[in-house]
Structures are given as C-alpha cells and as structure tokens.
Amino acid sequence: MIIAANQPYFLPYISYWQLINAADVFFIGDNYAYIRRGWINRNRILFRGAPELFGIEVLHASSFSLISELNIAKINKRKKMNKLYEAYHKAPYYETGARLMEKILDSPEENLSEFLISSIKTICDYLEIKTPIRKMSELVGNDSFKREERIYDMCHRLGADTYVNPIGGKELYDGGEFEKQGIKLRFINTDEIVYKQFGDSFVEKLSIIDVIMFNSREEIRDMLDKYTLIP
C-alpha cells in the first residue's frame, strides 16, 4: 500500500494532485500548525499576464493554532468570481473553471480545514481522482509523535509499505531511517508541464484553477502521470 500526506491547501498547483493520485490513501494534515503568510489559504492565479495571489481570509490567524482550530471569514463570492472573470473569461475552459469555483465557494463549511478538504474533494471529483481522502486527526494519538514518527505511525497502522512525499521534503527525511521501519520513502518530482496560456511566455506553478481554465479534463488527467518517483 502507498500512502501520501500533506496539509490542506487552497487550490494548490498540479503536483499536489499528482501526489493524491499516486497514493492508495491520502491523508490531510488537518491537525498541523497553521502557517501564516504561507499557502494554506491562498495560491496564485494568472492576472493580466503575471502571477497574483488569490485566496480566502482566515479569522484570528495564528501560527500557534492548528489548521483545524481556525475558521474562515465570510467569503465575498461575487468579488472572488469577478476577479476570476477578469482574469480568465477569455480562457478556453472558463465556464468549467467558473462552475467549479462557484461550487467550492458555496461550501457551507466555516472551519478552515473542513472548507479546504471540501474544495480538495471537489477538484478530485472533477479530475476523476478516486483516492480515498482521510484526516490525520482521525488517527487518535498520532499527534503525540513528532515529524517523521507521525509518518511511521500512520504507515504502520494501515500496513503501508511505501510513503510518497513532495519533493520539497527531500532534505527533511532520511530514507535509511524509513527502511528501518519497513517503509520505502519516495519523493514525487513533477516533470516540466507547459501549456498554452494567453501570451507567448508560460507562467509556471500557478493554482490548479489556472490549469483547469486552459486545459480539458483529459489533458489534465494526462498531466497527473507526468512525474518521477525518486528514492
């Protein structure tokens, strides 16, 4: 069994969805610390040819709080959708992207982690990603461990023999230590993914909503397999 995990993010870019798709079970770290000015509640869209932040507001945001302990501010849906219209209304799949965003923004969830999980599942449904998604808070006692020990515990409980991590964590974990636990550690390294945006130059590492605005579902499904697993 292959397990992957990551914190919940707002409309993360393509590698996040590759990670979910590569796993047999994907865990969302809802009981990890919130990172202020990070990517949990925002991402980047293409606006007038340049990347621009697009996100949701978090009430009483604090790095001393867990993601699951925070709530979101009331969303001005009209303002958000107007922003997306201005940014993408000439994109070939704007109508599809707009419908998805309306569904995400219409979520009744006020809790930050529950809202983000709802948005992640909405995108997964559209992309036909079937991986079961679970919350790490469901693993009672897991939060008493630190860093990689939480991963060991998670894998042992589910009988997983492989753990896949984003490439950014390559310097954090020791594959030899994972092997001692009977777990293969792999890092997902996304291939170069380029697609037609508005201009001649390509702006990389934007939100999945940018990918959806410019590509069909079938094209994005192909992108989900464009990666290498690195030991």
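Before going into details, it helps to say that this report is about the structure given with it. Please read all numbers here as calculations on a predicted model, not as lab measurements.

Another aspect to go through is the pairing of strand S4 (residues 50-55). As paired elements, strand S3 (residues 42-47) and S4 share 6 bridges and run antiparallel to each other. Considered in S4, the bridge of Asn43 is made with Phe54. Count of turn residues in the S3/S4 antiparallel hairpin: 2 residues, of which Arg48 carries a positive phi of about 55°.

Turning our eyes to something else, we now look at the state of the cysteines. Applying the stated criterion to the full structure yields 0 disulfides. Here Cys155 is not disulfide-linked; the sulfur of Cys124 is the nearest cysteine sulfur, at 19 Å.

A word on the packing of helix H3 (residues 94-105) against helix H4 (residues 112-127). Relative orientation of the contacting elements H3 and H4 amounts to 150°, with a least axis distance of 9 Å. Comparing their axes, H4 and H3 come out roughly antiparallel. Here the hand of the crossing between H3 and H4 comes out right-handed. Seen from H3, the contacting residues are Thr96, Leu100, Lys103 and Ile104; seen from H4, they are Phe115, Ser119, Thr122, Ile123 and Tyr126. Residue classes in the contact of H3 with H4 are distributed as 5 nonpolar, 3 polar and 1 charged.

Cut-offs and rules
Residues numbered from 1 in each chain as written. Predicted model: local features only at pLDDT ≥ 70, side-chain atom pairs only at ≥ 80, totals over all residues. Heavy atoms only, no water. Pairing = 2+ DSSP bridges. Helix = DSSP H or I, 4+ residues; strand = E, 2+ residues; numbered from the N terminus. Disulfide = S-S within 2.5 Å. Axes fitted to C-alpha atoms, helices over the stretch in contact; angles between N-to-C directions. Parallel < 35°, antiparallel > 145°, perpendicular 65-115°, else oblique. Left-handed = near helix turned anticlockwise from the far one by under 90°. Contact = heavy atoms within 4.5 Å. Nonpolar A, V, L, I, M, F, W, Y, C, P; charged D, E, K, R; others polar.

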